[in-house]
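A closer look at the structure
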Amino acid sequence: MQIDATSTSRWKSLQNVRVVKEEMPAEARARAPKPAIHVPLGAEPYRAYKPRPFTRAERSEVTILFGGLHWRAERVIQGSMENLGYRAQVLPTATREDLLTGRELADIGQCCPTSFTTGNLANFLRTEAQRIGAAEVAKKYIYFTAGSCGACRFGQYHQSYELALRNAGLDSFRLFLLDQGNLDQGAQEGGGLELNLPFTLGAVWSIVLTDVLQDMEYQTRPYEVNPGETERVVRESVEHLYEVFRRRPYRGKTWAPLLWHLGTDYFAKAMREVRRRFDRIEVDRARVKPIVKITGEFYLQTVDGAPNSTIHRWLESEGAEVYPASITIWLDYLLRLAGQEFEDHIGIERGARLKLGGVRAGQALLNWTHRRMRRALGGVPREMPDQYELRRLASPYYHSRLNGGEGDMLVGKALWAYHRKKAHMTCELSPYSCMPNTMSIGAMAAVLGKYPDMLYAPLEIKGDAEVHALSRCQMILTEAKKRAQREFEQALEKTGLTADELRAASAQSPELRRATWRLPRYGVAGTAANLALHVA
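Residues numbered from 1 in each chain as written. Predicted model: local features only at pLDDT ≥ 70, side-chain atom pairs only at ≥ 80, totals over all residues. Heavy atoms only, no water.

1. Section: the nonpolar core
Residues Leu193, Met271 and Val411 are the most contacted members of the largest nonpolar core, which totals 80 residues. Sort the elements by how many residues they give to this core and helix 8 (residues 197–220) lands first, with 11 residues. Residues Val303, Ala320, Cys427 and Ala480 belong to the second largest nonpolar core, which totals 27 residues. (Core = buried A, V, L, I, M, F, W, Y, C linked by side-chain atoms within 4.5 Å. Buried < 20%, exposed > 50% of the residue type's maximum accessible area, 1.4 Å probe, protein only. Helix = DSSP H or I, 4+ residues; strand = E, 2+ residues; numbered from the N terminus.)

Structure follows, in structure tokens:
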């Protein structure tokens, strides 16, 4: 069928299209049936959570609950809080039962860290309520945690806590948030909880010292000659640091505490005592083990226990040396994010350059303090990666201004460990349905396309699929073991040593057998390979 020009023109014209006049929407609305509005009896508009005041008079009677870090940091932070006159108690490590409770009482679709922490708090309070009653629980306990905003659900944790406690019949319980980006927030309503410089500095220094101790622990335990000795020394050391922070001298509430924390030898002396305890541990570094770097979502990479399928201990049981995640690196990352905000506003916002300089100074002081504590332990614990090197490494794959979760740092750390021979493989722990980590795993596909020999194991952690997660890790770990063995054999070939000769040389040297001796690095990742190159 042919269509002539006239009919085509009429077909395309708008002359037959109904024109909607300006007054017609109002007429249409008038003719439309009115929707029925059903208001439930007793319904009230939504109100943001606001806890009852925690007064100064209650401070001696009310216990502050907290958790969510590795147990070393939690115990020492407890001592820091008791130093300021608070009663503090660390929540027990979350369990599978806590996961199920969190799903039951809050949003079942939330990520597993939210479910674990929510259920952990709810189960503890339920147990206490059975013992002393719900009214006494609301009177004798408060919960304190960090808060944030952004793409990560971390910014909504407190809403999950509120919902869970309301569903558990504990809606009068009090929750308080620390803004992780503010060092001095002053007194909370009622004056019972003061989030000031002494409070924040105590928490930061507790984290720095215990991160350094944790790294020393994980470099020592896989090579200990007497099983269980490292565990005993670490627990003794944590209790020692707890007492050190509990007896910390008081230096006021303004800037004097900061100057004292930076200038005093008090904490370095405590770490030198920890070193003396580690001096007694005998190690055999000639054991060939792959080094596995742990990265991922903050909670899953930090805790020890059911939330991450006890992956640190599982990896050690499979013959690996674990390179644990550091909370101090997260603090450095937060400072870098703050600096980026000011960096983007130079020339737009007055004083932005000066503020950027202040942030960079804060990063320098944090890194200096970390190095100082490392030196107190003989320089054995690993150094912190430079945040701007991580940003540079990640920039072709992940934009530095996408800052949900750990943002570009996950990609940067994997590349840093690969290029600098810090580990044989990287294991990234990501919660199921975590948007920021899903983005980083997607970016890592491009990284692996460029560096196909990189060993990278992204594990999706649900909290109830342990076999799936660990079996996936085991596949990559098998290749890491082969790579560590090849590296060791190449080192022996290069030096002309045999494995037996290396072990004999190590056994004859008390220095090489001491846990606090710092093994130099020779451009390879493995401890045994570096030892062979050093002995030669």
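There's more to say after this.
2. Digging into the side chain of Arg174
The topology assignment puts Arg174 in strand 4 (residues 174–179). A polar atom in the side chain of Arg174 sits 3.2 Å from the side chain of Glu58. (Polar contact = N/O pair within 3.5 Å; in protein donor to acceptor, adjacent residues only side chain to side chain.)

3. What to know about helix 5 (residues 112–132)
Over its 21 residues, helix 5 runs 30 Å from end to end, which matches the ideal 30 Å to within 8%, given 1.5 Å per residue. The buried fraction of helix 5 is high, at 16 of 21 residues. Once helix 5 finishes, Gly133 follows within two positions and takes phi at roughly 100 degrees, a positive value. (Expected span 1.5 Å × (residues − 1).)

4. With respect to the pattern of salt bridges
If you walk through the whole model with that rule in mind, you get 42 salt bridges. Note that Glu236 is salt-bridged to Arg232, the shortest N-O span being 3.1 Å. Here Glu236 and its partner Arg232 are both found in helix 9 (residues 229–246), 4 residues apart, which amounts to about one turn of the helix. We note a salt bridge from Glu343 to Arg401, for which the minimum N-O separation is 3.9 Å. Highlighted residues: Glu343 in helix 14 (residues 327–344) and Arg401 in the loop between helix 16 (387–394) and helix 17 (409–419), separated in sequence by 58 residues. Given a relative accessible area of 29%, Glu343 falls into the partly exposed group. Judged by relative accessible area, which is 31%, Arg401 ranks as partly exposed. Overlapping salt bridges bring together Arg72, Glu217, Arg221, Glu231, Arg235, Asp304, Arg313 and Glu316 as one network. (Salt bridge = Lys/Arg side-chain N within 4 Å of Asp/Glu carboxyl O.)

5. Topic: the sheet that holds strand 7 (residues 291–296)
With parallel pairing, 4 strands are arranged side by side in an open sheet as 8-7-9-10. With partners counted over all chains shown, the strands left at the sheet margins are strand 8 (321–323) and strand 10 (456–461), one partner each. Looking at each pair of strands side by side, their axes are set apart by 25 degrees on average, direction ignored. With 6 bridges joining them, strand 9 (residues 425–431) and strand 10 adopt parallel strand pairing. Its bridge partner being in strand 10, Pro431 is matched across the sheet by Ile461. (Pairing = 2+ DSSP bridges. Axes fitted to C-alpha atoms, helices over the stretch in contact; angles between N-to-C directions.)

6. Here we look at the pairing of strand 9
Summarising burial for strand 9: 7 of the 7 residues are buried, a large majority. Residues Met425, Cys427, Leu429 and Pro431 of strand 9 are buried on one face, and the alternating residues Thr426, Glu428 and Ser430, pointing to the opposite face, are buried as well. Sheet topology places strand 7 next to strand 9; 5 bridges connect them, and they run parallel. Looking at the pairing, Thr295 lines up with Glu428 of strand 9.

7. Examining the side chain of Thr63
With respect to the secondary-structure elements, Thr63 resides in strand 1 (residues 63–66). Accessibility expressed as a relative area gives 8% for Thr63, which makes it buried. Here the side chain of Thr63 touches Arg87 through a polar contact of 3.4 Å, side chain to side chain. When neighbours within four sequence positions are excluded, Thr63 is seen to be in contact with Arg87, Ala88, Gln89, Lys140, Tyr141 and Ile142. (Contact = heavy atoms within 4.5 Å.)

8. Remarks on the confidence of the model for the protein chain
Atomic detail in the predicted coordinates should be set aside for any region of low pLDDT. Taken as a whole, the protein chain shows an average pLDDT of 89; of its residues, 87% reach a score of 70 or greater. Note that residues 5–12 has pLDDT below 50 and, in this model, 1 contact with residues that lie over four places away or in other chains. (pLDDT = per-residue confidence, 0-100.)

9. Observations concerning the environment of Leu497
Considering the arrangement of structural elements, one finds Leu497 in the loop between helix 19 (466–495) and helix 20 (499–508). Expressed as a C-alpha distance, the spacing of Leu497 and Leu533, which sit 36 residues apart in the sequence, is 9.4 Å. Apart from residues lying up to four places away in sequence, Leu497 is in contact with Leu492, Ala532, Val535 and Ala536.

10. Observations concerning the environment of Leu492
You can see Leu492 is positioned in helix 19. Residues Leu492 and Leu531, spaced 39 residues apart in sequence, show a C-alpha to C-alpha distance of 9.9 Å. Leave out the neighbours within four places in its chain, and Leu492 touches Leu497, Thr498, Ala499, Leu502 and Ala532.

11. Considering helix 17
Counting buried positions over the 11 residues of helix 17 gives 9, a clear majority of the element. Residues of helix 17 that are buried: Met409, Leu410, Val411, Gly412, Lys413, Ala414, Leu415, Trp416 and Ala417. Lys421 occupies a position one or two residues after helix 17 and carries a positive phi of about 55 degrees.

12. Observations concerning a nonpolar patch on the surface
Judged by side-chain polarity, Leu402, Met435 and Met439 come together as a nonpolar surface patch covering roughly 260 Å² of accessible area. Secondary-structure assignment places Met435 in helix 18 (residues 435–450). (Patch = residues over 30% accessible without salt bridge, like charges linked within 9 Å, V, L, I, M, F, W, Y side chains within 5 Å. Areas by Shrake-Rupley, 256 points an atom, 1.4 Å probe, with all protein chains shown as cover.)

13. Notes on the pairing of strand 10
Among the 6 residues in strand 10, 5 count as buried, and that is most of the element. For the crossover that starts at strand 9, traverses helix 18 and ends in the parallel strand 10, the hand is right-handed. (Right-handed = clockwise from strand over helix to strand, strands pointing away.)

14. Things to note about the packing of aromatic side chains
Per the stated rule, a full pass over the model turns up 12 aromatic pairs. Here the aromatic rings of Phe245 and Phe267 are separated by 5.0 Å at their centres, their planes lie at 35 degrees, and the arrangement is tilted. Residue Phe245 is located in helix 9, and its partner Phe267 is located in helix 11 (residues 266–278); the two are separated by 22 residues in the primary sequence. A relative accessible area of 0% places Phe245 in the buried class. Residue Phe267 is classed as buried on the basis of its relative accessible area of 1%. The interplanar angle of 45 degrees and the centroid separation of 5.7 Å between the aromatic rings of Trp260 and Tyr266 together place this pair among those described as tilted. Under the relative-accessibility criterion, Trp260 is labelled buried at 14%. (Phe/Tyr/Trp six-rings, centres within 6.5 Å; stacked < 30°, edge-to-face > 60°.)

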